[in-house]
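Spelled out, the chains give:
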Amino acid sequence: MTGRILDEGTIEELSTTPASEYVIEARDVWKRYGSNDVLQGVSLGVHRGDVKAILGPSGSGKSTFLRCLGLLEPIDRGEVHLEGARVGVRESRGRFVPLPERVLAKQRTDIGMVFQRFNLFPHRTALGNVTIGLTEVRGMSEADARSTAGVMLERVGLDKRADFYPSELSGGQQQRVAIARALVMHPKVMLFDEPTSALDPELVGEVLTVMEELAREGMTMIVVTHEIGFAKDVAGRVVMMDEGRIIEDAPPDEFFGNPREERTRRFLEAVR
């Protein structure tokens, strides 16, 4: 399907072409900060229910790319599509212009994102952090939001910590609250930006366990990570980024066992 983004953030179908094969897709995405092209023509698509892991050195553009997919950063060139419809922009007088923030906020609810840092509201409990999107964005009643959020906290193993504030939770627990906050909006895809990098080593496993369960349940996911074991065992394909470009995209066995690019081989030797 191709479509035009309306002011309400909905899609007006413009043709009867088949729906996209990807849930989320980047097409030739460029992003510049000053004179630095952080992303240089990145194209990537993820099928429904698939997990794609992105590896690469610091500064390769991984986090910026994820933020562009999550509509948190405007792109300078290229397109982002969600279920075949272009998002983040609207057509005006024959050209595409960025959507107003209120419409972007609505589109973002279809794209869950979990960051390196937990970004929880310190003055709200775990339950309060999960309910806020339901009440403020979905317009759900407080009672219904609390019930729905409680179920989601139970899903990530934190139903007994619902009334705890972030300062009373471990890093792993805070990250699981952040995952529940994203999941409760029922996104079409989940983006994870190095979700374990800020955790003590003994807390990494509890977050990866939740992510592995999501993968088994069929959640479409893109995960920027340095967790090689997760990428090997859970991802359907693994991507290598370097200097703002994707240089390798292969199944895990091929990526880790016989990478095509010398740069990939050197990176894997370093992280191992």
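J.: Which parts of the structure should I look at to understand the overall build of the protein?
T.: When you go through the protein residue by residue, the secondary structure sums to nine helices and 14 strands. Against the compact-globule benchmark of 19 Å for 272 residues, the protein has a radius of gyration of 19 Å, which places it among compact chains. Principal axes of the C-alpha set define a box for the protein whose edges measure 50 × 50 × 35 Å. When burial is assessed residue by residue, the protein has 50% of its 272 residues classed as buried. Counting contacts in the protein only where the partners sit at least 6 residues apart, residues at least 24 apart contribute 63% of the total. For the protein, the distance from the average site of its 35 positive side-chain charges to the average site of its 42 negative ones is 4 Å.

J.: How do you make sense of the sheet that holds strand β4 (residues 36-46) when you look at a structure like this?
T.: Note on sheets: strands pair through backbone hydrogen bonds, and any given pair is parallel or antiparallel. Spatial ordering of the open sheet is given by β4-β3-β6-β7, a layout of four strands whose pairing is antiparallel. A single partner strand is all that each edge strand has here, and the edge strands are β4 and β7 (85-86). Pairing analysis gives two bridges linking strand β6 (residues 77-82) to β7, with the strands arranged antiparallel. By the bridge assignment for β7, Leu82 is matched with Ala85.

J.: Sorry, what's going on with the packing of helix α3 (residues 126-136) against helix α5 (residues 171-183) here?
T.: Relative placement of two packed helices is described by the angle separating their axes and the distance separating the axes. The geometry of α3 relative to α5 is characterised by a closest axis approach of 8 Å and an angle of 25° between their N-to-C directions. In terms of orientation, α3 lies roughly parallel with respect to α5. Relative to α5, α3 is oriented so that their crossing is right-handed. From α3, Ala126, Asn129 and Val130 reach across to α5, where they touch Val177, Ala180 and Arg181. Looking at the contact of α3 with α5 residue by residue, the class counts come to four nonpolar, one polar and one charged.

J.: Where do I start with α3 in this structure?
T.: One turn of the α-helix equals 3.6 residues, which is why residues spaced by three or four share an orientation. In terms of burial, α3 is largely enclosed, as ten of its eleven residues are buried. Every buried residue belonging to α3 is among Ala126, Leu127, Gly128, Asn129, Val130, Thr131, Ile132, Gly133, Leu134 and Thr135, and all of these are buried. Elements that come into contact with the buried residues of α3 comprise α4 (142-155) and α5.

J.: Where do I start with the pairing of β6 in this structure?
T.: The side chains of a regular strand alternate between the sheet's two faces. As judged from the five bridges shared by strand β3 (residues 24-33) and β6, these two strands associate in the antiparallel manner. What sits directly across from Arg27, in β6, is Glu79. Where β6 folds back on β7, the antiparallel hairpin that results is connected by two residues, among which Glu83 adopts a positive phi of roughly 50°.

J.: What am I meant to see in the packing of aromatic side chains here?
T.: Given two aromatic rings, one states the distance between the centres and the angle between the planes to describe the pair. Taken as a whole and assessed by the stated rule, the structure comprises one aromatic pair. Where Phe255 meets Phe256, the ring centres are 5.1 Å apart and the plane angle is 75°; that geometry is what we call edge-to-face. One residue, Arg77, lies across the ring of Trp30, its end atom 4.4 Å from the ring centre.

J.: Which parts of the structure should I look at to understand the sheet that holds strand β10 (residues 111-114)?
T.: A sheet is described by the order of its strands in space; here six strands give the open sequence β10-β11-β12-β5-β13-β14, paired in mixed fashion. Strands with a single pairing partner mark the edges of an open sheet, and in this sheet they are β10 and β14 (245-250). Strand-to-strand, the axes of this sheet are offset by a mean angle of 20°, without reference to chain direction. Together, β5 (51-55), β10, β11 (189-193), β12 (221-224) and β13 (237-242) form the strand contacts of helix α1 (residues 62-69), whose direction differs from that of β11 by roughly 155°. Its contacts with the sheet place α5 against β10 and β11, and it is angled at close to 170° to β10.

Cut-offs and rules
- Residues numbered from 1 in each chain as written.
- Predicted model: local features only at pLDDT ≥ 70, side-chain atom pairs only at ≥ 80, totals over all residues.
- Heavy atoms only, no water.
- Helix = DSSP H or I, 4+ residues; strand = E, 2+ residues; numbered from the N terminus.
- Rg over C-alpha atoms; globule rule 2.2 N^0.38 Å.
- Buried < 20%, exposed > 50% of the residue type's maximum accessible area, 1.4 Å probe, protein only.
- Contact = heavy atoms within 4.5 Å.
- Lys, Arg positive; Asp, Glu negative; His and termini not counted.
- Charge placed at Lys NZ, Arg CZ, Asp CG, Glu CD.
- Pairing = 2+ DSSP bridges.
- Axes fitted to C-alpha atoms, helices over the stretch in contact; angles between N-to-C directions.
- Parallel < 35°, antiparallel > 145°, perpendicular 65-115°, else oblique.
- Left-handed = near helix turned anticlockwise from the far one by under 90°.
- Nonpolar A, V, L, I, M, F, W, Y, C, P; charged D, E, K, R; others polar.
- Phe/Tyr/Trp six-rings, centres within 6.5 Å; stacked < 30°, edge-to-face > 60°.
- Lys NZ or Arg CZ within 6 Å of the ring centre and 35° of its normal.

Purely geometric stuff here, so don't read any function into it on its own.
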